[in-house]
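# Fold and geometry: a report
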Amino acid sequence: LFTFEHVDSTEALNSRMARIIADGPYNGLLVNATDVPSLYLNITAGDALTIEGVKIEESVDINNAVEIVPGHPTRRRIDLVCMYHKYVAGPTIPQGNPATYVVIKGDDPIDDITEPVVPYDKIDKYYLPLAEIHLPPGANFITQSMIHNIRRVANTKILEDIMAEALHYSLGNFAYYGWDVTQAGITNL
């Protein structure tokens, strides 16, 4: 039941809506290397939906949002950059319950030939993965080629574009937006 101004009503409503719309990053929230290579990473502005049905909006880029631990001298490692948010009942203005950004450090392999494992087993449902960071041996700074941003949840416009591309490949050229033909006169189109 949703009781007027009851402290649990928002959480109850969110839990009914959660998982109807996919959780994940929808727009932006891309992890990027800093302009001068370092162990810090930037996160772009964007929005996401948590597993609890809470929309997180970052209106500006977050510079030096997280820091990566230097790489092992001889072994590769994969870290995860995640947004963390757990719903807490209470006022949301002015600060409320903001999301935080964290690095989940992957384990170093036991030897130089074992493949590193992405540490998904170290996170729970309140962590929203944004990117994998693939560290080569001895890494003491991060470049853009080491960052693998996780796919963003497709919105309606993205799905339209995917459908148009699929139709193009199967049917050939066609116009799916604009290029409407109208009659200007008896013999003019």
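Structure: above.
In this report, we go over the structure that sits alongside the text. (Residues numbered from 1 in each chain as written. Predicted model: local features only at pLDDT ≥ 70, side-chain atom pairs only at ≥ 80, totals over all residues. Heavy atoms only, no water.)

With that out of the way, let us pick up the nonpolar core. By size, the foremost hydrophobic cluster in this structure holds 25 residues, and its most contacted members are Val31, Leu41, Met83, Tyr101, Ile133, Ile142 and Ile147. Of all the elements in the fold, those that place two or more residues in this core are strand E2 (31-33), strand E3 (40-43), strand E7 (77-84) and strand E9 (127-135). Here this core gets 5 residues from one element, more than from any other, and that element is E9. Those residues in contact with Ile142 that lie beyond four places of it in its chain are Ala33, Pro37, Ser38, Leu39, Leu41, Ile68, Ile133, Leu135 and Ile147. The next biggest cluster of nonpolar side chains, apart from the first, holds 6 residues, and it includes Cys82, Ile104, Val118 and Ile123. (Core = buried A, V, L, I, M, F, W, Y, C linked by side-chain atoms within 4.5 Å. Buried < 20%, exposed > 50% of the residue type's maximum accessible area, 1.4 Å probe, protein only. Helix = DSSP H or I, 4+ residues; strand = E, 2+ residues; numbered from the N terminus. Contact = heavy atoms within 4.5 Å.)

Our focus in this paragraph is the pairing of E7. The element E7 is largely enclosed, with a buried count of 7 among its 8 residues. Bridge count for E7 against E9 is 8 bridges, and the pairing is antiparallel. Considered in E9, the bridge of Met83 is made with Leu128. Here E7 pairs with strand E8 (residues 100-104) via 5 bridges, running antiparallel. Its bridge partner lying in E8, Val81 is registered against Val103. (Pairing = 2+ DSSP bridges.)

Spatially, E1-E4-E5 is the arrangement adopted by the 3 strands of the open sheet, whose pairing is antiparallel. At either margin of the open sheet sits one strand with a lone partner, and together these are strand E1 (24-28) and strand E5 (55-58). Going across the sheet, the axis of each strand differs from the next one's by a mean of 15 degrees, ignoring polarity. Bridge count for strand E4 (residues 46-49) against E5 is 4 bridges, and the pairing is antiparallel. Its bridge partner being in E5, Leu49 is matched across the sheet by Lys55. (Axes fitted to C-alpha atoms, helices over the stretch in contact; angles between N-to-C directions.)

To continue, consider empty space enclosed by the protein. Remark: the empty space left among the atoms is shown by a probe the size of a water molecule rolled over them. Across all of its chains, the model carries 1 cavity of 30 Å³ or more by this definition. Here the largest cavity defines a volume of roughly 50 Å³. Along its surface, the largest cavity is lined by Thr50, Ile51, Met83, His85, Lys125, Tyr126, Tyr127 and Leu128. Of the residues in the lining of the largest cavity, the class split is 5 nonpolar, 2 polar and 1 charged. (1 Å grid on protein atoms, 1.4 Å probe; cavity = no way out; pocket = protein on both sides within 12 Å on 5 of 7 lines; lining within 4 Å. Points joined across faces, edges and corners; volume = space filled by probe spheres on them. Nonpolar A, V, L, I, M, F, W, Y, C, P; charged D, E, K, R; others polar.)

Turning to unusual backbone geometry, a few remarks are in order. One non-glycine residue with positive phi stands out, namely Leu29, at about 55 degrees. Within the secondary structure layout, Leu29 lies in the loop between E1 and E2. Among the residues examined, Leu29 registers a relative accessible area of 0% and is labelled buried. Despite not being glycine, Asn64 has its phi angle at roughly 50 degrees, a positive value. Within the secondary structure, Asn64 sits in strand E6 (residues 62-67). Relative accessible area serves as the criterion here: at 45%, Asn64 is assigned to the partly exposed category.

Let's shift gears to the side chain of Thr50. When you line up the elements, Thr50 lands in the loop between E4 and E5. Leave out the neighbours within four places in its chain, and Thr50 touches Asp23, Ile56 and His85.

Don't take any of this as a statement about function, it's just geometry.
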